[in-house]
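Survey of secondary and tertiary structure
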Amino acid sequence: MTTVDDVTHPARTGPATRVAAPRPRWRRHAGSVVKYAVLALGAALMILPFADMFVGALRGPADVYANPPRYLPSDPQWGVYARVFRELPMTTWFANSVIVTCIITACQVATSTMAGYALAKYRFAGASPLFRLVVGAQMFPFFLFIIPIFFILRFAPLMGGNDIAGQGGAGLLGTYAALCLPFVVTWYGVFLMRQFFLGIPDDLLEAARLDGASEYRIFRSIMLPLVKPAIATLTLFSFVYHWNEFIWTMTVTRAAPDLQTLPVGIYLLSGAFQTLDQKSLQQAALAVSILPVIVVFLMLQRLFVASNFASGVK
Amino acid sequence: MRSRDFDPGGGGAAPWVFVSPLIAFALIFFVVPLGFSVYLSFTRWNPLGTPSWVGLKQFEYLLTRDDAFWRSVGNTFVFAFGFVALGVPLSLGLAFVFSRSRGKAVWRSIYYLPQLTNIVAIAYLWQFVLDDRYGIINRALGLTGLRGPDWLTDPVMAMVSVVLVMIWYDAGKNMLVFSAALEAVDSEIYDAATLDGAGAWRTLRSVTLPMIRPAFIFVTITSFITGMGFFALILAMTGGGPRGATEVTALYTYTMAFEDLRMGRASAGALILFVIIGVLSLLQFRALRERERRT
Amino acid sequence: MFNQTTAPLAIAAMLGAAIPAHADDAPLTVAMHYTQEQAAPLIACLEDYDVDGIGAEYRQITYGDYLQTVLTGRLAGQAPDIYNVYSIWAAQMVDNGVLDPVPDDLAGFVRDGYSTGTVDAATIDGTLWGVPTEVSVYMLVSNMALLREAGFDAPPTTWDGLREVAQAVATRNAQGRTETAGFAFGQSSSGAGLVHPFYALLYSEGGKVYSDDRSEALFDSPEALAALEREAGLVRDGIADLSVDAYDFPAGGIGMIVMANWLESEIRAGFGDRFDEDVAVSQIPMGDDWRTLQYAFFMGVDSGSDRKDAAWALVEHLNTPRDGGLSCMGEMLGQLGALTASTADNAAGEAPDAFTAPFVAALEDGRAISQPNVMQASEIEGLMAQAFERAMAGEASSEAALEDLDREVEDILFEFY
């Protein structure tokens, strides 16, 4: 895609003797018009489907049964958002999304900080093989694990009516554990936290040890406060990812409506949205599923500094 | 509190305590599933019964008799390649303009919107937008007198559509990765290059691109792996249709497992796909690294 | 913030949640594909139900996902107590041991109170597996406003007639996109929109899909070819357009569809006051010897339910006429515009309206033939839809598409018969 010739190494050039003339004003001007035109066009495309959804949700029967159907609602049906909560098990889905996302995010932050810290700051026999595992495991796509993990949860010994051999009951399927356990550790999170802990000087650790602090106290009282920005980043990533997680949750809750989350519930009811007058209901439900994440994101935006993205690049 | 001699590296049992959840997870949700998956691929198993050992029969069936499997592998390549070949340069281009613009917070929020949206919503939102007759795009094209394509009912266009939506979904994230890398390039290097008399194009080719090479490798390979294994969007948007035109291998094995209840054959299919992805990622990584070493 | 005890605590909390609340007085669960809105009369009955402190609740599972949901749900111990089974799912559910045979006392109730076709639909290998509920029939449904505008006063009765009318009704815009469609197929995810009308045509041609012992598929028969050629010809000759969906009929932009009776309420909503005047139901346009497809649902009980007797009692309750009036199921189906298989409900209900009468007549005349119950029937239906679509889009000739289909389906049948 990109070919690279010899690099003109800046170090080899001698000291500057002359300041380069600035580009003419009109060229800078034209350049910035093009720049913002490109960005605005892209932004319009980014927003288009969302705008289409908000408009569509407001269409009433008069619009969908017209021939040809009208695009802009003739009489906006604001009541559709109340209908969503009345006619669909929206509160259950919503509550499940919140519960599952919070449990997973908390677990991921806890396990990632602990493991990331150990891998960055201790020289112990497990450090190197575990780090290689963390890096390597990220290369394994999730689809590979869907079938086996489904049955590992199904045949979990002594759980959900199973005997010691994992027979007889339904195991952990049909419980929140089935939704959360496969995600309590994130390889990427461990990796991210390790990179952050590496940046913290060893002197701090040594000084604390000389003061007689226990290893756990050092971690909790000294190290954790230092990586707060990283924890915030990981929290945001985890929250967004698991609020939106779909395939796994759908697989284990297909037959358990009490455990379905927003995306899963909406997907599994898609057949019921096939008739014309149900489509605006579907669009309104989608809007409700999207909004909370956007709100959380906008609230935490300031944490989202560009450098966080670079940490994945090594 | 225990008292002991200062130990520069270790912390006694502490590191093991810290990594214990990681180890337990790695065993239960990584090692055991992989082993189980391999075992299953040698069986025929409708999970309401017990597995029966069939040796290599499932692999043999998939590789020699199942045309739909090979078609799905082809579709997987088209999807992943289209996603990388169009998506990566596009996000790089966007990163160039983005990193030199004002109002970054606003642009960032807008371009990041798709990443915040669940994949089911993305699929359905685009279904509405791309509707052949009454979607906003074909309505708009109709106003200008053009006949819009059959985005989701024509087999070729359906693949184009899912690739474009996937790019739409991921462009913002990759743009931010690239722009972070661009901003990390020291501005003194640019100054030096300018003083050196290098034009914009030469600066780009000789200074900027080499500096962001790690980001480029990272984005290309992760996009490729994502593209080869991603099927949630396709499942919700086209269900693999029309007529299997967008059925990628991961989706094919998923439906085989959870709709037709053929766990053995589905495990075999997933393993074949995984091996293909592994080999190709490795080759890609080598090729990209190799070029770097030559420069 | 987070300390080393957080993770174990969280995990312990999750495991706590893992132990299911296993109360014996939990309500019996009835799983059907109808939306909450459609099932409202039935849900009212379930809410009122209380025998020895055991109530009942409703669960919706989408039609397209029903069988998969039932099968994976059983693995996960999330099976409902009562199913509403589409007859083509039955063979697989029985084979996997999901269903409980109907108790003897209830079997008499079914044999006496339901039409033979629907009892057959609930019978596999001589065993009765449930109480028939909804029965559906396919007929030609026409938008007479569009037909009259094009100069036709009555719906066609032959296939050539249908082609002529459809062509006259259809209009395209300047870009060649269909504005008003003459004829449209349904684009449902299960493929039924193409497959069910195919059955109607195949039966009218005198053909069938499987040999009697189910060991052989008959897609390579001349009747199957003729039926597919009729469907595919519409698309190939530009008379029908796969980008138009029969579900858009209520909006008034489609001349004719071959559709089941249950779309009535939706069509009513779309046509409003003009419904009686503008919507006509008529025979499958295949001349005097036309036949059509009927398919049925039946209510069965999960074999793994720990309260099978209570579940069967509820099934009987829901299907027994109340005080000479309709049963709960009958009332719900009546409001949907769907047909019930129960003789008592048919007698107790109002006389069918003009829309429904031709569907009922097709059932009574014996022109409506049941869909065969074979193993993997829903997988096979998906394959059929794909093959038909290929032929329609001109990607394969009808002969080639059917030949491939015949081979694929026989591969599946070979596993089971």
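It should be emphasised that the depicted structure is a prediction, and the values quoted were computed from it without experimental measurement.

Right, let's talk about the overall build of chain B for a bit. Regarding its fold elements, chain B presents 13 helices and two strands. For 295 residues, the compact-globule formula gives about 19 Å, and the C-alpha radius of gyration of chain B, at 24 Å, lies well above that figure. For chain B, the share of sequence-separated contacts (at least 6 apart) that also reach a separation of at least 24 residues comes to 68%. Measuring between centres, the 25 positive side-chain charges of chain B sit 2 Å from its 20 negative side-chain charges.

This next bit is on the nonpolar core. Ranked by internal contacts, the top residues of the largest apolar core, which has 336 residues, are Phe246 of chain A together with Val141 and Phe183 of chain C. With 15 residues, the single largest contributor to this core is helix H7 (residues 155-184) of chain B. Residues contacting Phe183 of chain C, with those up to four places away along its chain left out, are Leu140, Leu162, Ala166, Leu234, Ile239, Ala240, Asp241, Met256, Ile257 and Val258 of chain C.

This part covers helix H13 (residues 308-319) of chain C. Residues and elements named next belong to chain C. Across its twelve residues, H13 extends 17 Å between first and last C-alpha, which sits within 8% of the 16 Å expected from 1.5 Å per residue. Of the residues making up H13, those classed as buried are Ala311, Trp312, Leu314, Val315, Leu318 and Asn319. The arc that holds every buried residue of H13, seen down its axis, measures 155 degrees, which confines them to one face.

So, about the interface of chain A and chain B. Chain A puts 107 residues into the contact, and the matching count from chain B is 105 residues. Of the roughly 9700 Å² buried where chain A meets chain B, counting both sides, 77% is carbon and sulfur surface. Along the contact surface separating chain A from chain B lie ten residue pairs in polar contact (both at pLDDT 80 or more). Among the elements that make up the side of chain A that touches chain B, the one with the highest residue count is helix H1 (residues 25-57) of chain A (15 residues). Among the residues forming the side of chain A that touches chain B, the class breakdown is 78 nonpolar, 16 polar and 13 charged.

We now examine the state of the cysteines. Going through the model one piece at a time under the given rule, you end up with one disulfide over all chains. Note that Cys45 of chain C is cross-linked by a disulfide to Cys328 of chain C, the S-S spacing being 2.2 Å. A torsion of -90 degrees about the S-S bond marks the disulfide between Cys45 of chain C and Cys328 of chain C as left-handed. Placement of the pair is Cys45 of chain C in helix H2 (residues 40-48) and Cys328 of chain C in helix H14 (residues 328-336), with a sequence separation of 283 residues. Just so you know, Cys102 of chain A is unpaired, no disulfide at all, and the nearest cysteine sulfur is the one on Cys180 of chain A, 10 Å from it. Residue classification places Cys102 of chain A among the partly exposed residues on the basis of a relative accessible area of 41%.

Before going further, it helps to spend a moment on the pattern of salt bridges. This structure, assessed with the given rule, holds 28 salt bridges over all chains. Note that Asp170 of chain B is salt-bridged to Lys173 of chain B, the shortest N-O span being 3.7 Å. Residue Asp170 of chain B and its partner Lys173 of chain B are both found in helix H7; the two are separated by three residues, about one turn of the helix. Residue Asp170 of chain B is classed as buried on the basis of its relative accessible area, which comes to 5%. Across the pair Arg163 of chain C and Asp237 of chain C runs a salt bridge, and its minimum N-O distance is 2.5 Å. Residue Arg163 of chain C is located in helix H8 (residues 159-169), and its partner Asp237 of chain C is located in the loop between helix H10 (222-236) and strand S10 (254-260); the two are separated by 74 residues in the primary sequence.

So, about the confidence of the model for chain B. When pLDDT is averaged along chain B, the result is 88, and 95% of the positions lie at 70 or above. Every residue in residues 1-8 of chain B is under pLDDT 50, and counting partners more than four places away or in other chains gives nine contacts.

Right, let's talk about the interface of chain C and chain A for a bit. At the interface, 41 residues of chain C touch 46 residues of chain A. Where chain C abuts chain A, roughly 3500 Å² becomes buried across the two surfaces, and 66% of that area is made up of carbon and sulfur atoms. Seen at the junction of chain C and chain A, the total is zero salt bridges. Viewed at the interface, chain A and chain C are joined by four residue pairs in polar contact (both at pLDDT 80 or more). For the side of chain C that touches chain A, the elements supplying multiple residues, two or more each, are helix H1 (6-18), strand S2 (56-60), helix H3 (66-75), strand S9 (178-184) and helix H11 (264-271) of chain C. With seven residues, H1 of chain C is the largest single contributor of residues to the side of chain C that touches chain A. Residues that form the side of chain C that touches chain A fall into these classes: 15 nonpolar, 20 polar and six charged.

What follows concerns the domain arrangement of chain B. With domains assigned, chain B is organised as domain 1 (1-40) and domain 2 (58-294). Inter-centroid distance (C-alpha atoms) of domain 1 of chain B to domain 2 of chain B is 35 Å.

Residue and element names in this part refer to chain C. Under the domain assignment, chain C is made up of domain 1 (27-135 + 294-363) and domain 2 (137-293 + 372-416). A C-alpha centroid distance of 28 Å is found between domain 1 and domain 2. Contacts between domain 1 and domain 2 engage 28 residues on the former and 29 residues on the latter. For the pair domain 1 and domain 2, the summed buried surface comes to about 2300 Å²; carbon and sulfur atoms form 61% of the total. Applying the counting criterion to the domain 1 and domain 2 interface returns one salt bridge. Only helix H4 (87-95), helix H6 (116-121), strand S5 (123-124), strand S7 (131-143), strand S12 (292-302) and helix H16 (357-364) provide two or more residues apiece to the side of domain 1 that touches domain 2. The element that contributes the greatest number of residues to the side of domain 1 that touches domain 2 is H4, accounting for six residues. Among the residues forming the side of domain 1 that touches domain 2, the class breakdown is 18 nonpolar, six polar and four charged.

Turning our attention to the pairing of S2 of chain C. Residues and elements named next belong to chain C. Within S2, four of the five residues are buried, which leaves the element mostly enclosed by the surrounding structure. Note: strand S1 (residues 28-32) against S2, five bridges, orientation parallel. When the sheet's bridge partners are listed, Ala31 is paired in S2 with Arg59. Regarding the hand of the β-α-β motif, the stretch spanning S1, H2 and S2 is right-handed.

Before going further, it helps to spend a moment on the pairing of strand S3 (residues 82-86) of chain C. Residue and element names in this part refer to chain C. By the criterion of burial, S3 is predominantly enclosed, with five of the five residues buried. What you see with S3 is no split at all: Ile82, Asn84 and Tyr86 on one side and Tyr83 and Val85 on the other are buried throughout. With five bridges connecting them, S3 and S12 associate as antiparallel partners. Bridged to Ile82 within S12 is Val301.

Residues and elements named next belong to chain B. For Ser41, the location among the structural elements is in the loop between helix H1 (14-40) and strand S1 (43-44). From its side chain, Ser41 meets the backbone oxygen of Val38 in a polar contact 2.6 Å long. In this structure Ser41 touches Gly55, Gln58, Phe59, Gly264, Ser267, Ala268 and Leu271, once residues within four positions along its chain are discounted.

On to the UniProt feature "domain: ABC transmembrane type-1" (unreviewed entry) in chain B. According to UniProt, the "domain: ABC transmembrane type-1" (unreviewed entry) feature falls on residues 73-284 of chain B. What you have in residues 73-284 of chain B is 78% helix and 0% strand, and the ends, taken at the C-alpha atoms, are 18 Å apart.

Attention now moves to unusual backbone geometry. All names here are of chain B. Positioned with a positive phi, Arg243 is a non-glycine residue whose angle comes to about 55 degrees. Looking at where Arg243 falls in the secondary structure, it is placed in the loop between helix H11 (232-237) and helix H12 (249-258). Judged by its relative accessible area of 10%, Arg243 is buried.

With that settled, the discussion passes to the packing of helix H4 (residues 90-121) of chain A against helix H11 (residues 228-244) of chain A. Residue and element names in this part refer to chain A. Where H4 meets H11, the axes come as close as 9 Å, and the angle between the chain directions of the two elements is 145 degrees. Both H4 and H11 take part in a crossing whose hand is right-handed. Contacts between H4 and H11 involve Phe94, Ser97, Val98, Thr101, Ile104, Thr105, Gln108, Val109, Ser112 and Thr113 from the former and Ile231, Leu234, Thr235, Ser238, Phe239, His242 and Trp243 from the latter.

Scoring rules and cut-offs
- Residues numbered from 1 in each chain as written.
- Chains lettered and ligands numbered in written order.
- Predicted model: local features only at pLDDT ≥ 70, side-chain atom pairs only at ≥ 80, totals over all residues.
- Heavy atoms only, no water.
- Helix = DSSP H or I, 4+ residues; strand = E, 2+ residues; numbered from the N terminus.
- Rg over C-alpha atoms; globule rule 2.2 N^0.38 Å.
- Contact = heavy atoms within 4.5 Å.
- Lys, Arg positive; Asp, Glu negative; His and termini not counted.
- Charge placed at Lys NZ, Arg CZ, Asp CG, Glu CD.
- Core = buried A, V, L, I, M, F, W, Y, C linked by side-chain atoms within 4.5 Å.
- Buried < 20%, exposed > 50% of the residue type's maximum accessible area, 1.4 Å probe, protein only.
- Expected span 1.5 Å × (residues − 1).
- Arc of directions from axis to C-beta.
- Buried area = accessible area lost by both parts, 1.4 Å probe.
- Polar contact = N/O pair within 3.5 Å; in protein donor to acceptor, adjacent residues only side chain to side chain.
- Nonpolar A, V, L, I, M, F, W, Y, C, P; charged D, E, K, R; others polar.
- Disulfide = S-S within 2.5 Å.
- Salt bridge = Lys/Arg side-chain N within 4 Å of Asp/Glu carboxyl O.
- pLDDT = per-residue confidence, 0-100.
- Domains from an automatic or database assignment.
- Pairing = 2+ DSSP bridges.
- Right-handed = clockwise from strand over helix to strand, strands pointing away.
- UniProt positions renumbered as here; feature names shortened; annotations may be inferred.
- Axes fitted to C-alpha atoms, helices over the stretch in contact; angles between N-to-C directions.
- Left-handed = near helix turned anticlockwise from the far one by under 90°.

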